[in-house]
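Coordinate inspection notes
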Amino acid sequence: MSTLWLIKLILSHLLADFIFQPKKWVDNRCAQHFLSPWLYLHTLIAALLALMFIGFQYWQLGLAIFISHTLIDGWKSYRPQTVVYFLIDQFMHLLVIIACWYYAFYALADIKEWLRLMRGDNTFWLLTTAYIFLSFPAGIMIGQMTRKWSDQLPRSAGLANAGKWIGIVERILILTFLLQDQYAAIGLLITAKGLLRFSEKDRQEEKTEYVLIGSLISFSISVITGIIVKHIAT
């Protein structure tokens, strides 16, 4: 019941923020901030959707969602429209949803017990370490290992840091697929990347070789990490 309740709250938020909120409402809110009538209509819709899904007997939580959503979106309207502030905004909404869920179903003792169990959960710490390692640390390692070749290439006009983020997502997906024994999905991912990376006819041979080396190193690190995690976990 508690899990279904949480899912309904998340669904109501997704509908209110991304389905039932036209762009003109967002533009007006960014221009008029807390004076925008569309801000209050949007947050009222968010609260009503939540109450429709979980029941109007939880009107206190609906009121909390309305007030918090108004404050968060009003605050965000003063900030630049960047991905960082977008993620902060969504994270704060998620915290409110979790707080409402906790208030409805759990006591402080339950959270303390969950944290105590997490501190002694080897799998949790193992997976956390593996995923963090495959993000920025592995990217820096690969950059150092391929530096002697990257220094020989001319500066590319491509998107800034795009390769770094592609590598991070690729390694995380490979580890996830490996832990789920989805080896065919790994093959599909590598094939798709190869088709996109090496289909350019005007790409320099040196650049192609550099990308291939980096991709193979990234793939190898992901697979080795996955094998180690599976071995320790079992």
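Scroll up for the structure.
This report concerns the structure included in the present document. Remember, predicted model here, so these are calculated numbers, not experimental data. (Residues numbered from 1 in each chain as written. Predicted model: local features only at pLDDT ≥ 70, side-chain atom pairs only at ≥ 80, totals over all residues. Heavy atoms only, no water.)

This next bit is on a nonpolar patch on the surface. Taken together, I10, L14, F18, I19, F20, V83, V84, F86, L87, I88, L94 and I98 make up a surface patch of nonpolar side chains, about 1000 Å² in accessible area. Of all the secondary-structure elements, those providing two or more residues to the nonpolar patch are α1 (2–19) and α5 (83–105). The leading source of residues in the nonpolar patch is α5, at 7 residues. Structurally, V83 is set in helix α5. (Patch = residues over 30% accessible without salt bridge, like charges linked within 9 Å, V, L, I, M, F, W, Y side chains within 5 Å. Areas by Shrake-Rupley, 256 points an atom, 1.4 Å probe, with all protein chains shown as cover. Salt bridge = Lys/Arg side-chain N within 4 Å of Asp/Glu carboxyl O. Helix = DSSP H or I, 4+ residues; strand = E, 2+ residues; numbered from the N terminus.)

The nonpolar side chains of a soluble globular protein tend to be buried with one another. Counting residues in each nonpolar core, the largest one holds 10 residues, listed as W5, L6, L9, A50, I54, L61, I65, I97, C100 and W101. For this core, the secondary structure elements donating two or more residues are α1, α3 (37–54), α4 (59–76) and α5. Other than its neighbours up to four places away in sequence, C100 contacts W5, L9, L61 and I65. Core analysis: the second largest hydrophobic core is formed by 9 residues, L134, I142, L175 and I221 among them. (Core = buried A, V, L, I, M, F, W, Y, C linked by side-chain atoms within 4.5 Å. Buried < 20%, exposed > 50% of the residue type's maximum accessible area, 1.4 Å probe, protein only. Contact = heavy atoms within 4.5 Å.)

Take the pattern of salt bridges next. One side chain can pair with another of opposite charge once the charged atoms of both are near each other. If you walk through the whole model with that rule in mind, you get 3 salt bridges. For K23, the salt bridge goes to D27, with nearest N and O atoms at 2.9 Å. Taken together, the residues span about one helical turn, with K23 and D27 both in helix α2 (residues 23–32) at a distance of 4 residues. For the salt bridge of D181 with K230, the shortest nitrogen-to-oxygen distance reads 2.4 Å. One end of the pair, D181, is in the loop between α10 (162–179) and α11 (183–197); the other, K230, is in helix α12 (residues 205–233), with 49 residues separating them in the sequence. With a relative accessible area of 42%, D181 lands in the partly exposed category.

What follows covers the side chain of S135. Looking at where S135 falls in the secondary structure, it is placed in the loop between α7 (122–133) and α8 (136–145). Not counting the four nearest positions on each side in its chain, S135 is found in contact with I168 and R171.

Let us now look at the environment of F133. Position of F133 among the secondary structure elements: in helix α7. Sequence-wise, F133 and T225 are 92 residues apart; in three dimensions their C-alpha atoms are separated by 8.9 Å. Setting aside residues up to four positions removed in sequence, F133 forms contacts with A138, M141, I221 and T225.

These values are about where atoms sit, not about what they do.
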